[in-house]
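Results of the structural survey
Here's the letter readout for the chains.
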Amino acid sequence: MFKNEELEINLGPQHPSTHGVLRVKLRLDGETVRHCYPVIGYLHRGVEKICENKTFFQGQVWTDRMDYVAAVSNNLGWAEAIEKLMGISVPRRAKYIRTLLTELNRISSHLLWLGTHAMDIGAMTVFLYAFREREEILDVFESFCGARLTTTAFRIGGLRDDVPPGFEAKVQAFLDRFLPCIDEYEDLLTENRIWKKRTIGVAPISAEECLAMGVTGPVLRAAGVPYDIRKAFPYAAYDEMQFEVPTRMEADTYARYLVRLEEMRQSHRIVQQCLDGMPEGAVMAKLPKILKSEVAEVYHPIEAPKGELGYYLVGEKGGLNPYRFHVRGPSFVNLQALPKMTEGKLLADVIAAIGTLDVVLGEVDR
Amino acid sequence: MSILSTLFPYDIYKGLKLTGRYFGRNFFSANRKKVRANLKHITVEYPEVPVHLAPRFRGRLQMLRDEQGEIKCICCLACERICPTQVITIEKDKKEGRKLPFPKRYTFEMERCIFCEFCVEACAYDSIILNHQFELAAYNREDFSHGTEGVFQNMFKPTPVGTFSVSADDDGNAPHY
Amino acid sequence: MQMTLTQTLVMALIQIVAVLAFIFVVVPMLTFAERKVIGYVQVRLGATRIAGGRKGLTGAVNKIMWWMGHFPVISFFRGLPTFMADGIKLVTKEDIMPAKADKFVFWLAPILCMVPAFAVFAAITFYPGVLGVFPTWVPIVGGLPVDGYITDINVGLLYILGLASVGVYGIVLGAWASNSKYPLLGGLRSAAQVISYEVPLTLSLLAPVILTGSLNFKTMSVELATGMSPWAILPLFIGFFAYITCGFAETNRVPFDLAEAESELVSGFHTEYTGMKFGWFFLSEYTNMIVVSALASAFFLGGHYFLPFGFQQFVPASWGWFAQPHLIFFLLKVFFLLFVFLWVRATLPRYRYDQLMSVGWKYFIPLTLVNLFIAGLVRFMA
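Note that the structure is a prediction, hence the values are computed from the model and not measured. Numbering of residues starts from 1 in each chain and follows the order in which that chain's sequence is written. Lettering for chains starts from A, numbering for ligands starts from 1, and both go in the order in which the items are written. Selection of residues for local features in this predicted model requires a pLDDT of at least 70, selection of side-chain atom pairs for listing and counting requires 80 or more, and totals for whole chains, interfaces and linings are taken over all residues. Note: side-chain values were computed over all heavy atoms of the structure, leaving out hydrogens and water.

Examining the overall build of chain A
Scanning chain A from terminus to terminus reveals 15 helices and 8 strands. With C-alpha atoms as the basis for the radius of gyration, the globule rule is written as 2.2 Å multiplied by the number of residues raised to the power 0.38. A compact globule built from 366 residues should have a C-alpha radius of gyration of about 21 Å, and chain A, at 21 Å, falls within 12% of that. Taken along the three principal axes of its C-alpha coordinates, chain A extends 80 × 45 × 35 Å. In this description, contact between two residues means that some pair of their heavy atoms is separated by no more than 4.5 Å. Taking contacts inside chain A between residues at least 6 apart in sequence as the whole, the part at least 24 apart equals 72%. Each accessible area is a Shrake-Rupley result for a 1.4 Å probe, and residues are judged covered by the shown protein chains and nothing else. Counting every atom, chain A has about 12500 Å² of accessible surface; 54% of that belongs to carbon and sulfur. Distance from the positive charge centre (44 side chains) to the negative charge centre (49 side chains) of chain A: 4 Å. Strands here mean DSSP runs of E at least two residues long; helices mean DSSP runs of H or I at least four residues long; both are numbered from the N terminus. Under this rule, positive means Lys or Arg and negative means Asp or Glu; His and the chain ends count for nothing. One atom stands in for each charge, and that atom is NZ of Lys, CZ of Arg, CG of Asp or CD of Glu.

Next comes the structure, spelled out in structure tokens:
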């Protein structure tokens, strides 16, 4: 008697909550999602191919523009991958400063995630509170390297400059007032009954499914797998740092929210340790005048705020640029989990799932 | 217990208390007076209130002169070579009374510049900097490129965008909004 | 004094114009207040200037507003001219209709939404008595008293509830007539939402009805404030929270703004509406907010009297001015509740569609039924 028609609906690429230019094709039965198909590629620039045609030194500016909310992490991965390729060892002070900036970047990336995720679910004030703190981190970046977003923070072999005068005080001032700010977000969200209803049990994905699809980062840790590259394969100065890897067992949106909040606290701890134990010395290694690679192949993973960010580089004899360059972007891989998380759930859960995956389309499309 | 907590929405009260406190602070304190750091509003009323930039801020490319007023650039092409987006092109020239080469034309296409400061880093003669100019919008594409003859001089000082392709005045300071 | 037909009509006309003027002043102010309140909550400044830079009239206005920014409280009213700009924009904007829209229904929907929202004001008592007397030199109505209400019908509350539920047809029809997917989803959500929240809303209003034994707005608001037994405070208190929450749902405000959930449905049922047709939806939403606030303050917050929840009966006559009903008390309560609407919008996340329904049916209906029982008990004891 009744025709059971499914409603096909386009979420994006111009939609308030797809965090950029993600397009999700949904087939709805009423409000229930029957089929979910993410369509990507609206921001494709061919970063990998471009970098193969640029010198090792120049390539870094392109990594800024992949995950543009975590540019420092991307810079770190690029610089360290090439250092690995060429066998350059970085001075200890440079490692510490790199760790410090990367952890600040993790905080700023998580703050942006928190703000936009809460905004997607309807709590609009958290967004501005999170941006208030993020602004200070961006000020720190600006004072260190002159730019707020596309930082180009590091150089192969170390840093371009030592930290500017007043840098430590600035970071310390931020650290001193950051922890109460997390409590403020928690006041607004953690115990809020609506937030709990919207996130607990929403967009679940089990550890097995995560591992099967290569999902990493907070999404994996919220499923109970304590896999963090900072611990598993330490890079920069992380082997000297004391921190914990927060995990939860629930594997839902609320667990990911708690994991990320706890990660911000741990990042705060790491930054404090970097600041306290900052060694003296040079910030740049002795480098040859022109960087030339050997025949070699490296894969260097780092723990970006979104998950495992791996740089795969192949060098040729005397090459000024990488012969082959590939990025294992965490956003791209994590986005695979979206259909699994949302099929059979409600439309509003798709929004929550996109928010909780924390994808940045600059990195997905590259 | 759970019925009690359902009936008395303490969680919602907590959120309302926080936002209400912020509202009260901003409502009852003068807007431009400094309140406690994290209760202060964060709006910067930008054109009226200037923005403070860090000393290392990377703005628009600017050429420098030495004490004699001579262009410092000696056309070594280091900046041209290092630039990841190839926005710099230099034409060499010779000039009387100057041993080193002299840039006849130093083209900098600002619309493609990504402000990475690699050129400044590559320059061994400190002849270029990225200045603190960040209001770099213009109405015409032509307004961005200022390497054409006649407007060459404008590369030596911070110039408002949109006027530098028109004005060839060396000292004229266009009003800064 | 018996009024002639002409006098009655003219008097009604004057009152209607006054109420409409009230709405058309309060609603734009409310949109402005929404920007500022949410701005202040979010440690921003909200609207502070109007477009036009530093030259001419707009420049002068901007200069004044810049100067206002030096003072607390006064600086809240910076950017006040933006509401005029809003109005001008809504009126002059191009009116776009989707190609395959149902043209008649597309037109009808905003009207269906707006008319009931305005018509409700006919039964709302702003003041339970005579506000003033026209001077005798005024033609036709000279010497006649002006009442604080337009009509004093015996089933005022029934009229209000009946009309208020018509408004949802506007939303549903507008959503359907847009011939677009996002509005359709928004309209369906809205229909489900209004149906499930109409019940607890009415049930929570039934408690005052039982307590007073009347459906007349004026009688109810006066009696609820003064003539209750002290036990009536309890059902009024519970009823207030149930009513105001259901009121949020009825007016499609956060945390129940599913019909226009910005992050999910782009803009919900009015995605395809532009210009003044959108303006009507907008106007009706804010007018509904005023109606909900007015009802809540009249029935639960003591209306035109000083103290809420029937506490007014403990106010001795020696308090003088505070013991008397005043229009200002009523308006202050309405404005406070409107502020609460904005405050809550700045704080809370949004419910999901199915959760909203379950909250309505499983939580608010039992709560209001229990409240109704308590009210009946109080009435029985008195």
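Next comes the rest of the write-up.
Remarks on the environment of A:Arg65
The topology assignment puts A:Arg65 in the loop between α2 (60-64) and α3 (71-86). A:Arg65 sits in the buried class, given a relative accessible area of 17%. Residues A:Arg65 and A:Asn75 lie 10 residues apart in sequence; the distance between their C-alpha atoms is 10.0 Å. Contacts of A:Arg65, omitting those with residues within four sequence positions, involve A:Arg45, A:Thr150, A:Gly362 and B:Ile114. Within the structure, the side chain of A:Arg65 is placed 3.3 Å from the backbone oxygen of B:Ile114, a separation counted as a polar contact. Throughout, exposure labels follow a simple rule: accessible area from a 1.4 Å probe, protein chains only, divided by the maximum for the residue type, with under 20% read as buried, over 50% as exposed, and the rest as partly exposed. Contacts described as polar in this section are N or O atom pairs within 3.5 Å, which, within protein, must combine one atom able to donate a hydrogen with one able to accept it, while residues neighboring in sequence count only if both atoms come from side chains.

Notes on the pattern of salt bridges
Residues and elements named next belong to chain A. When a carboxyl oxygen of Asp or Glu is within 4 Å of a side-chain nitrogen of Lys or Arg, the pair counts as a salt bridge. Under the defined criterion, the tally for this structure stands at 46 salt bridges over all chains. Put simply, Glu 135 and Arg 148 hold a salt bridge, and the shortest N to O gap is 2.6 Å. Separated by 13 residues along the polypeptide, Glu 135 in helix α5 (residues 125-145) and Arg 148 in the loop between α5 and β4 (154-155) bring together distant segments of the chain. You can call Glu 135 partly exposed: its relative accessible area is 36%. Since its relative accessible area comes to 24%, Arg 148 is described here as partly exposed. Arg 248 is the salt-bridge partner of Glu 250, the closest N and O atoms lying 3.1 Å from each other. By relative accessible area, which is 44% here, Glu 250 ends up partly exposed. Ionic contacts of the salt-bridge type, sharing partners, join the residues Glu 103, Arg 106, Arg 221, Asp 228, Arg 230, Glu 263 and Glu 303 into one network.

A word on the packing of α5(A) against helix α6 (residues 167-189) of chain A
A pair of packed helices is captured by two measures, namely the crossing angle of their axes and the spacing between those axes. All names here are of chain A. The convention used is that axes are lines fitted to C-alpha atoms, helices contributing only their stretch in contact, and that angles between N-to-C directions extend from 0 to 180 degrees. Interaxial distance between α5 and α6 falls to 10 Å at its minimum, and their mutual angle equals 165°. Classed by the angle they form, the pair α5 and α6 counts as roughly antiparallel. For α5 against α6, the interelement crossing comes out left-handed. Touching Thr 125, Val 126, Tyr 129, Ala 130, Arg 132, Glu 133, Glu 136, Ile 137, Asp 139, Val 140, Ser 143 and Phe 144 of α5 are Phe 167, Lys 170, Val 171, Phe 174, Arg 177, Phe 178, Cys 181, Glu 184, Tyr 185, Leu 188 and Leu 189, all from α6. Roughly parallel covers angles under 35 degrees, roughly antiparallel covers those over 145, roughly perpendicular covers 65 to 115, and oblique covers all other angles. The sense of a crossing depends on the near helix, which, turned anticlockwise from the far helix by less than a right angle, makes the crossing left-handed and, turned clockwise, makes it right-handed.

Observations concerning the packing of α3(A) against helix α4 (residues 92-121) of chain A
Residues and elements named next belong to chain A. Viewed as axis vectors pointing N to C, α3 and α4 meet at an angle of 145°, and their least axial separation amounts to 8 Å. Seen from above, α3 lies across α4 with left-handed handedness. Taking contact as the criterion, the partners of Ala 71, Val 72, Ser 73, Leu 76, Ala 79, Glu 80 and Glu 83 in α3 are, on α4, Arg 98, Leu 101, Thr 102 and Asn 105. Three classes are used: nonpolar for Ala, Val, Leu, Ile, Met, Phe, Trp, Tyr, Cys and Pro, charged for Asp, Glu, Lys and Arg, and polar for all others, with Gly counted as polar. The residue makeup of the contact of α3 with α4, split by class, is 5 nonpolar, 3 polar and 3 charged.

Comments concerning the side chain of C:Ser284
All names here are of chain C. Its place among the elements puts Ser 284 in helix α11 (residues 275-299). By relative accessible area, which is 2% here, Ser 284 ends up buried. Ignoring any residue separated from it by four or fewer positions in sequence, one finds Ser 284 in contact with Cys 113, Met 114 and Ala 117.

Describing the interface of chain C and chain B
In this complex, chain C contributes 25 residues to the contact, which on the side of chain B involves 26 residues. Two parts placed together each lose some accessible area under a 1.4 Å probe, and the buried area is that loss summed for both. Summed over both sides, the interface between chain C and chain B buries roughly 2400 Å², with carbon and sulfur atoms accounting for 66% of that surface. Seen at the junction of chain C and chain B, the total is 0 salt bridges. Linking chain C with chain B are 4 residue pairs in polar contact (both at pLDDT 80 or more), by the criterion used here. The set of elements that each furnish at least two residues to the side of chain C that touches chain B consists of α1 (5-41), α12 (327-347) and α13 (353-381) of chain C.

Side note on a nonpolar patch on the surface
All names here are of chain C. Two joining distances apply to patches: 9 Å for like charges and 5 Å for nonpolar side chains (Val, Leu, Ile, Met, Phe, Trp, Tyr), and every residue must have over 30% relative accessible area and no salt bridge. Residues Phe 306, Trp 319, Trp 321, Phe 322, Ile 328 and Leu 332 make up a contiguous nonpolar surface patch of roughly 600 Å² in combined accessible area. Note on placement: Trp 319 falls in the loop between α11 and α12. For Trp 319, a relative accessible area of 44% corresponds to the partly exposed category.

Side note on the sheet that holds strand β6 (residues 296-304) of chain A
Residues and elements named next belong to chain A. The pairing criterion for strands is at least two bridges between them, as found by DSSP. Pairing is antiparallel across the open sheet formed by 3 strands, whose spatial order is β6-β7-β8. Single-partner strands in this sheet number two, and they are β6 and β8 (324-328). The mean inter-strand angle of the sheet, taken between neighbouring strand axes irrespective of direction, is 10°. Note that β6 and strand β7 (residues 307-315) share 9 bridges and pair antiparallel. Residue pairing across strands places Ala 296 opposite Gly 315, the latter belonging to β7.

A closer look at the state of the cysteines
Residues and elements named next belong to chain C. For this text, the term disulfide refers to a pair of cysteine sulfurs within 2.5 Å. Applying the stated rule across the entire model yields 0 disulfides over all chains. The cysteine Cys 246 is free of any disulfide, with Cys 113 supplying the nearest cysteine sulfur at 19 Å. On the basis of relative accessible area, Cys 246 is assigned to the buried category, the value being 0%.

Describing the sheet that holds strand β3 (residues 32-39) of chain A
On the basis of which strands lie adjacent, the open sheet formed by 3 strands has the order β1-β2-β3 (chain A) and antiparallel pairing. Here the strands that pair on one side only, and so sit at the sheet edges, are β1 (7-11) and β3 of chain A. The sheet shows a mean angle of 20° between the axes of neighbouring strands, taken without regard to direction. Here strand β2 (residues 23-29) of chain A pairs with β3(A) via 7 bridges, running antiparallel. Note on β3(A): the bridge partner recorded for A:Val24 is A:Pro38. Its contacts with the sheet put helix α7 (residues 181-212) of chain C on β1 and β2 of chain A, and the angle it makes with β1(A) is roughly 110°.

What to know about the nonpolar core
Residues A:Leu26, A:Leu100, C:Ile124, C:Leu295 and C:Phe299 are the most contacted members of the largest nonpolar core, which totals 211 residues. Ranked by the residues each element gives to this core, the list is headed by α4(A), at 12 residues. Of the domains in this structure, domain 1 (1-43) and domain 2 (61-164) of chain B are the two that each give at least three residues to this core. In contact with C:Phe299, other than residues within four places in its own chain, are C:Leu157, C:Leu205, C:Pro208, C:Phe217, C:Met220, C:Ser221, C:Leu224 and C:Leu236. Membership of the second largest hydrophobic core comes to 21 residues, among which are B:Cys79, B:Val87, B:Ile90 and B:Phe102. We define a nonpolar core as any set of buried Ala, Val, Leu, Ile, Met, Phe, Trp, Tyr and Cys residues linked to one another through side-chain atoms lying within 4.5 Å. Residue ranges labeled as domains rest on an automatic or database domain assignment.

Considering the packing of aromatic side chains
Residues and elements named next belong to chain C. Centres within 6.5 Å are what make two rings of Phe, Tyr or Trp a pair, Trp counting through its six-membered ring; a difference in plane orientation under 30 degrees is then read as stacked, over 60 as edge-to-face, and the rest as tilted. In the structure shown here, the tally under the stated rule is 43 aromatic pairs over all chains. A ring pair is formed by Phe 76 and Phe 77, whose centres lie 5.3 Å apart and whose planes are at 80°; its orientation type is edge-to-face. Here Phe 76 falls in the buried class, since its relative accessible area comes to 8%. On the basis of relative accessible area, Phe 77 is assigned to the partly exposed category, the value being 37%.

As for the interface of chain A and chain C
Taken together, the contact between chain A and chain C spans 35 residues of the former and 28 residues of the latter. Buried area between chain A and chain C, summed over both chains or domains, comes out near 2700 Å², and the portion from carbon and sulfur atoms is 61%. The interface formed by chain A and chain C includes 2 salt bridges. Across the pair A:Glu31 and C:Arg189 runs a salt bridge, and its minimum N-O distance is 2.5 Å. On inspection of chain A and its partner chain C, the count reaches 10 residue pairs in polar contact (both at pLDDT 80 or more). Among the secondary structure elements, those contributing two or more residues to the side of chain A that touches chain C are β1, α4, α5, α7 (193-199) and α14 (347-357) of chain A.

Some points on helix α9 (residues 233-250) of chain C
All names here are of chain C. Multiply 1.5 Å by the residue count of a helix minus one, and that product is the helix's expected span. Helix length check: α9 (18 residues) gives 25 Å between terminal C-alpha atoms against 26 Å at 1.5 Å per residue, within 8%. Burial of α9 is extensive: 14 of the 18 residues sit out of reach of the surface. Of the residues one or two after α9, Asn 252 is the one with positive phi, at around 55°.

Comments concerning α11(C)
Between its first and last C-alpha atoms α11(C) spans 36 Å; for 25 residues at 1.5 Å apiece the expected length is 36 Å, and the two agree. With 20 of its 25 residues buried, α11(C) lies for the most part within the structure.

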